[in-house]
Every structure is written in structure tokens, then in C-alpha cells.
Amino acid sequence: MRTIDDFTRPIEYLSPFDRYLGDIVRTLVEKEVMPIRRGFDEDWEEHNTIEPAYRKILGEMGMQRFFFPLDLGGLGLGPSDSGAVCGYHALEEVSRADSAMGVAVAVGVAWVLIIIAKEPHVNRRLCEEFAPMFCDTTEPFFAVNAMTEPQGGSDIENMDVIKGSTIQTTAVLEGDEWVINGHKLWPTNSGGVAGLFGVVCTTNPGSTDPNDFAFIFVPADLPGVTQGKPYQKAGMAADKNSDIWFENVRVPEWYRAHGPGEDFKYFKEMVSWGNVLSIAFVGGAMMNVFELLRDFCSEKTYRGKPLKENDDVAGVLADIATDIDIIRIVGYQAARMLDRPNLYGPGWSDEMVAKARAYKYFACDRAVEDLGRALNIMGPHGSDRIQDVEKHWRDLKIVQLWLGGKQLAQMETARWFYECETL
Amino acid sequence: MRYQELFPMPVEWIEDVDESMAAAVAGWAEREVSPGRLEHREDYDDFLLPAIRKLLVDIGCQAMPWPEDTGGGGLTTPNAAVTFAVILEQVASADTGIGFLLANTFSLQSTFGIEPHRDDKLLSELAPAFCGGREAVCSLVLPSYGDGSSEKSFYGLGYQVAAAQENGQWVMNAGGARPQCSGATASFFGVAFGLEDGTPAIALVPSDAGGLSAGEPFKKTGLAASINADLAFKDVRVNDSNVVLTGEDRYRELLSWYYMCCSAVCSGAMLASYEILKEWGDTRVIKGKGQVFKENPLVAALMGEIGGRAATSRILTYDLARMLSRPDIYGPAGGQAVYATATAVFKHVSRAVMKSIDNAMELMASAGYATEWNLERYWRDVKTIETYVVPETAALTDMARHYFDLKRL
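All of these numbers come straight from a predicted model, not from anything done at the bench.

Asker: For the overall build of chain B, give the residues involved together with the corresponding values.
Answerer: When you go through chain B residue by residue, the secondary structure sums to 13 helices and 12 strands. The C-alpha radius of gyration of chain B comes to 21 Å, within 12% of the 22 Å expected for a compact globule of 409 residues. In terms of overall dimensions, chain B has a C-alpha envelope of 80 × 50 × 45 Å along the principal axes. In chain B, which comprises 409 residues, the share counted as buried stands at 54%.

Asker: Which residues make up the domain arrangement of chain B, and what values do they have?
Answerer: Residue and element names in this part refer to chain B. As assigned here, chain B comprises domain 1 (11-135), domain 2 (140-246) and domain 3 (248-403). A separation of 23 Å is found between the C-alpha centroids of domain 1 and domain 2. Listed per partner, the contact involves 17 residues of domain 1 and 17 residues of domain 2. Of all elements in the fold, only α3 (44-58), α5 (96-113) and α6 (120-131) reach the threshold of two or more residues within the side of domain 1 that touches domain 2. Looking at the side of domain 1 that touches domain 2 element by element, the count peaks at 10 residues for α5.

Asker: Residue-level account of the domain arrangement of chain A, with values.
Answerer: All names here are of chain A. Along its sequence, chain A is carved into domain 1 (4-139), domain 2 (145-262) and domain 3 (263-417). Distance between the C-alpha centres of domain 2 and domain 3: 29 Å. In this complex, domain 2 contributes 19 residues to the contact, which on the side of domain 3 involves 19 residues. Listing elements by their share of the side of domain 2 that touches domain 3, those giving two or more residues are α7 (159-162) and β5 (213-219). Ranked by the residues each element gives to the side of domain 2 that touches domain 3, the list is headed by β5, at three residues.

Asker: Outline helix α12 (residues 389-401) of chain A, supporting the account with residue identities and numerical values.
Answerer: All names here are of chain A. Between its terminal C-alpha atoms α12 stretches 19 Å, which fits the 18 Å expected from 13 residues at 1.5 Å a residue. Counting buried positions along α12 yields 13 of 13 residues, so the element is predominantly enclosed. Positioned one or two residues after α12, Leu403 has a phi angle of 55°, which is positive.

Asker: A description of unusual backbone geometry should follow, citing residues and the corresponding values.
Answerer: Backbone torsion omega between Glu119 of chain A and Pro120 of chain A reads 10°, so that peptide bond is classified as cis. In this structure, Pro120 of chain A sits in the loop between α5 (114-117) and α6 (124-135). Residue Pro116 of chain B is reached from Glu115 of chain B by a cis peptide bond, and omega for that bond is 10°. Here Pro116 of chain B shows up in the loop between α5 and α6. Of note in the backbone geometry, Leu223 of chain B takes a positive phi value of approximately 60° without being a glycine. Counting through the fold element by element, Leu223 of chain B comes out in the loop between β8 (212-214) and β9 (231-239). When the 28 C-beta atoms within 10 Å are taken as the criterion, Leu223 of chain B is described as buried. Despite not being glycine, Asn374 of chain B shows a phi value in the positive range, around 75°. Residue class for Asn374 of chain B comes out partly exposed when judged on the 17 C-beta atoms lying within 10 Å of it.

Asker: How would you explain the interface of chain A and chain B if you had to name every residue and give the values?
Answerer: Chain A puts 44 residues into the contact, and the matching count from chain B is 40 residues. Mapped onto the side of chain A that touches chain B, the elements with two or more residues apiece are α7, β8 (301-302), α9 (311-339), α11 (350-378), α12 and α13 (405-417) of chain A. Class assignment of the residues belonging to the side of chain A that touches chain B gives a composition of 16 nonpolar, 17 polar and 11 charged.

Asker: Quick one: what's the story with the sheet that holds strand β4 (residues 162-166) of chain B, residue by residue and with numbers?
Answerer: All names here are of chain B. An order of β4-β5-β9-β8 is seen for the four strands of this open sheet, with the pairing classed as antiparallel. Single-partner strands in this sheet number two, and they are β4 and β8. Ignoring strand direction, the axes of neighbouring strands in this sheet form an average angle of 20°. Of the pairings in the sheet, the one linking strand β5 (residues 169-177) to β9 comprises six bridges and is antiparallel in character. The residue bridging Ala177 from the neighbouring strand is Leu231, located in β9.

Cut-offs and rules
Residues numbered from 1 in each chain as written. Chains lettered and ligands numbered in written order. Predicted model: local features only at pLDDT ≥ 70, side-chain atom pairs only at ≥ 80, totals over all residues. Helix = DSSP H or I, 4+ residues; strand = E, 2+ residues; numbered from the N terminus. Rg over C-alpha atoms; globule rule 2.2 N^0.38 Å. Buried ≥ 20, exposed ≤ 12 C-beta atoms within 10 Å, placed from the backbone. Domains from an automatic or database assignment. Contact = placed C-beta atoms within 7 Å. Expected span 1.5 Å × (residues − 1). Nonpolar A, V, L, I, M, F, W, Y, C, P; charged D, E, K, R; others polar. Pairing = 2+ DSSP bridges. Axes fitted to C-alpha atoms, helices over the stretch in contact; angles between N-to-C directions.

This is the structure:
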């Protein structure tokens, strides 16, 4: 019988460690997540059933240590030249069970840390400061990328055009402390989950000077930090999102990731990574869709034979399988590009940002359309939550919407490939 | 009649009764649904069920084909199709799930309440249930995919319920038959079964019939107003007089009405989604330079597509309703031509509405995904309707059968 492992990926990019890790994650999520995921929608506010799974994956298995240097108790993937492919593989496996869990893990233990733990711009002092939060505990620990604001939505990610000029969250240097004030919306792992925020700020409101863009770390338990209640959403229950308010929050000056100009540059690298890892969420979920569809279309009959043996149904199944195969190849290739800046350019380059956007845009569009068609094939059973396919349909829609959504992805792609100057 | 200036419909077919029903339903939506939506979201017991009762009983939507002197609406002619479309569009714009319950109810009632199939004896028997003080939702149980055990099928889809004649009654059996809606709460089911030669028939089965039981309600993507559950039939006996139709033409006629009703429900969801996106586009500012969201060319291009789909979906739905209301011009609703058109309209409208809400979510990004903004509810509801009403492959084959004269499928 065909399995998800029959979908193609550039296997030469996978190290023995990647394969070993992937096997462990697969076993873990099959045991700890897949049997209970159907109840996650009702647990969106409390996370009573979801939190123990995070404890297993992040705390006990130790995924939250991945990005930190080895000598700080981490697994060294941040400074390595294989962190993207390895992370992609692990997140693909997590997302096969639950893509909300995939994004919560990705943001919580990798995305925010890229700016300080990735070569060639490791901020050793901040790594030393925050490593114990992640590495010296078996309790799950999450970080947050506090980026989106009420007034601008995707404007903040639209860095080439807006250059941070719409950022309303301010950072003012008083003595040797940053004083932060502002209001953020929607960050993954907010709503009381995270212990550490990476906060996108401006040191000069309205400025388009990259030097005024600041990325500053803020521990969640500081005075003046308030998190709202989680939002209720169409899906993605394992990822809590809420408002965060910063009111005269004070952190040491050296909690800024790098400094004028550098924060702006390396934040663009975070955008590239965010887009590439989003493909892992899509690819993982779609591989599970393949498994579920395969079983459904083998068991249900139409015109006196299994659904899959009807040419018209098979045509749609072929389209879906084709897209899954291509998404997987593209995703691993994109991750490889992040791991090989010497060949493909740095992750913060306009080229890499545009290409990462293009790949994510492609993967999301294909997956969203394929999932709609999958539900249609399943007919009256397509909307059954017991079939699980509709869960992926609900979950993946927001992957398409985040990081500036489809329109920004289109603009950034067009800007680079067609050298547009006024968009 | 809202949106008339924006998304026109053929006003020459709209009668006074349609205008008054639209106004009554709009008032119901403003009083019973809109104020509690944010607080109650999709709560069935405390929010949706009271609204369903008001609509079906107090306004009388469940008794439209019954004579006025019994408390009904007196809609006995095929003209009811247009009235149904008007009502369903209004209801669905407030709550798509409630619209879907009503679409099932209207469709089943069309088989015995609308001329030339009006069955006064059955109407009289059922008047206490539909014209009294309790809600009475109807639900269709249609042929579907099989599990390999179905003995009879209708163009490839297996009858979910087996029936055999015994002493002037039909004895029905089934394991887990999937109704279109409200398996746990409906009062009547319109159950499709195959006659001895496989010809389709529909029997009206009350939910309290001996041997009929509903399983545990199951969770689904949307349509919170429908508490659905699979049904078990264990030697359920129904009188021959409860068989409200037999034969392919009559069965197709039921489906033509059902597809029209569901198109109207989708159209209502489309109009509601339009309003949500319109407000967003009018008030959202992007790029920090005071640029109103809708004035961005890329956004405007997508909004143009959404508006166009809304306009065509609405007019197609009313055109189909008109066709059903005038068999003297367009032929019988169960004829191959009208049935193929009904199928095509439903597929076109449901797809167009689904695509438009998908696009609206893309424009509203996270707000489109959050429950608070209401849009995602329509997205889940319409997708559920799109999957439930007819398996896509069966619908497409039905259309091809007529348009291309298929002989073997």
C-alpha cells in the first residue's frame, strides 16, 4: 500500500540526524496527538488536552532546545547549516497530526530565535540569557513574535515598501533600558501561552529609516505586559492568539536583538523562514489528507465500485497527489536554500524573501483548493469532523492568510521577478 | 428586497406576498438573530432554537403550503418557488444553517403541497403538526455513497434505506442513514428508497415512527442550527399514503426544488458576506498613507470578482425559481432539461459563493478567520452545504447525462 513516504523529497538534503528525528516525531505525534486531536476544537480556550501534548514534544522530548548552541544546553541547530531542513522535516511530521501544533512549535522554539541564534549573526549574550528558559526545563516553553498591530495588519511584513513606518509600538531608550509601549494582535502562542516575546518596535514613529526598526526581547512576566483572552477562530485551536499590551515595559538595552539597521535586515530573514516553515505545515497536513482520502475512497462505493476506481474521482485524486508531491519537493528545496546561503544568497536578501513568499503562496493556494475538492469528493461525509479532512481544510486556510496573506505575497513576488518600482 | 440596487433580481416576478415575507423575515433577523450573535455565536439551545421557533411557528414559514384557514400560508401553486427563494435568501443571510433546515422543509413539502401534486388528505393530516404551536423541521434522506452492501442504487448512488411492501405498508430498514440535516431534531424525514425495480420513491416518515431512532449527534464543519445524527430504521412501517412520490421524474422534480432552495440559501450567505467585506473595505486603511483598503488596485480587482459572483449567483437563483414556478413555459421541474439546469445552477452558485467567501477571507486576513467577525461562519456553512446536498461527481454526471446524452453512466 502506498504511504506518505512515497511522496518525493530531495533525500540527499536529509542528514542521518534528520531522519532519526523525523522518526521520533512521527512516533510521538501518532501516539500523543492524532488520537485526541478531534477534541482540540472544543479545547481552544483552556488547552487542557492540548497542553500535555506540548509537554511531551517540547519539554520531555526536548524540541524546545533545538535552536540554542550545544554548549548552552541546546541541540545546536540554530548555528548549524542544517537547521532549516531539519526543522522543516520535524514540523512536517507535527503538522501531519495538527498544523496548529506545527506553527505553535515553530514559532515557539525556532522562528523568534532565528534573529539571535542563527549564524552569521548569533547574539551570544542573548542566547546565554534565554537558553535556560528553554533548555533547563521539561516544562513546555514558548516564544512569541509580537509583530501585527491593530492599525496595519500586514503592513509590518511589507518591509520593502513600508519600511516599518506604520509601526505604532514604540521603544524609547531611557538610560540603559528600553521603555516599550504598544498594542499587538494575533501573535502565535499569545493568550497566556508564551514566556518570551520578540517585539517589533520603532524608535522613531513614522520613520522609514531601517535604523529605527527595533526587535526587542521582552519576558512575558514583566510589569506592564498584559495578554488578552484567546480569540475563537475557524480552526487552529492548538495555537492561541490574543491581544498583547505593553505599557511602560522596561527591559535592558542589550535585549535589542542587534541594533540599528541589523534588526531590520535580520527580521527579513525571519520573514523568509516564516514562509518556508509555513510550507511544512501545509505539506504535513496534506500528507495526512492523502492518507484519509485514500482510506475513504477505498471504502466508499459509487457506481458499484470503490470511489477511487471511478475515473472522474480518480482524476481529482490525481490532481491532489500531484500537488502534494510538488509542494513537498518545493518545501524541502526552499529549506535547503535557507541552509545554503553561500549558494542561494542570505535569508534576508530581497531575492530569498520573494522566493520564499512565492513558494508559500503556491503551496497554500494549491492546498486550499485541493482541500475544497477533497471535501467535495467525500460528499455528505466531507463535513464530518470524524473524518478529519475538514479539520485540515479549516486549519490550512489561515496559513494562506498569515504573513501578509496572498496579496502581499503576490506583490513581493512581482516586485522581485518583474522589478516593479512603484508597488 | 435588500441589495436590489446593487445585485438586481427580476423584480417583475416578485409579488406582494414575497415582499411581505421578505419584510417579516428581515424583521425576524433583526430581532432574533443579529443582537445575540456576538454573545451566543452558534449556541443551539439558547440562541438558534428560539430563533428557529420564531421563524417557523410565529412567522409561519413551516406552514406555507397549507390553506390559510388552517393557519397556513396558502402557497399552493408553483409560484411558491419564488416566495421560497425570497424567504430562504433572507433567512440564510442571518443564519445559513436555519436557511438550510428551511430548504429541506420547503423541498419536501413541495412534493405534496404544491400543485399539481397537492395532496389535500395528507395536508389535512399534517396540519396539526405544521400549523400548530411547535416547530416541525423536515429533512431529506437521499441516496449516497455506499459501503458495498447497497442492493439498489439510483444512477450509482445507493439508497440508504431499504423498503419492502408488506400488507399495504412499507417496511423500512437501514443501519446508519445520513439525513441532510437535523437527524436528532427533525419532525419528519423524506426518505428515498428504491422500488422493486430500483425506481426512486420518497416516503414521509415521522420521527416518532416505531423502530426509527437517531444516533448521537455528530460534529461537523458548519450548520450549527442542524443537530444532525445518523438514523437507524428497524422495521419502520409507513402507510402507502405516506409515499409522496414515485418515479424518476417526480424524484428529479424534488431535487430541482431542493437545488433551487439551496441556491437561495447560498445566495443569502453571499449577500451577508458581501456586507461584512464592504464594511472592512470601507474602513480599513493600509500602507500608512491613508489609503482606504478598497482603493488598492489589487484589492479592487478581487472585490470586482466577488461582486460579480454575487450578482450572477442571485440572478441565477431567481431565474431557476421562475423556471420552477412556470412549468407551462419551461417544462416540468422533473424533466431532464430543468433538472440539469437546476443542478448546474446549484453547482455554479455554491461554488461561486464558496470562492467569494474564500476571497473575502483572504482580503480580511486574520479578521476573516476570527469568529468575532462572523465571516468564517458563512465559509464553514456554505462548504457544508456544498458537500452535503449532492456528491460533486454525481451532480456533474447528471449534468453530462442530459447535455451530452450519456447512455451508460
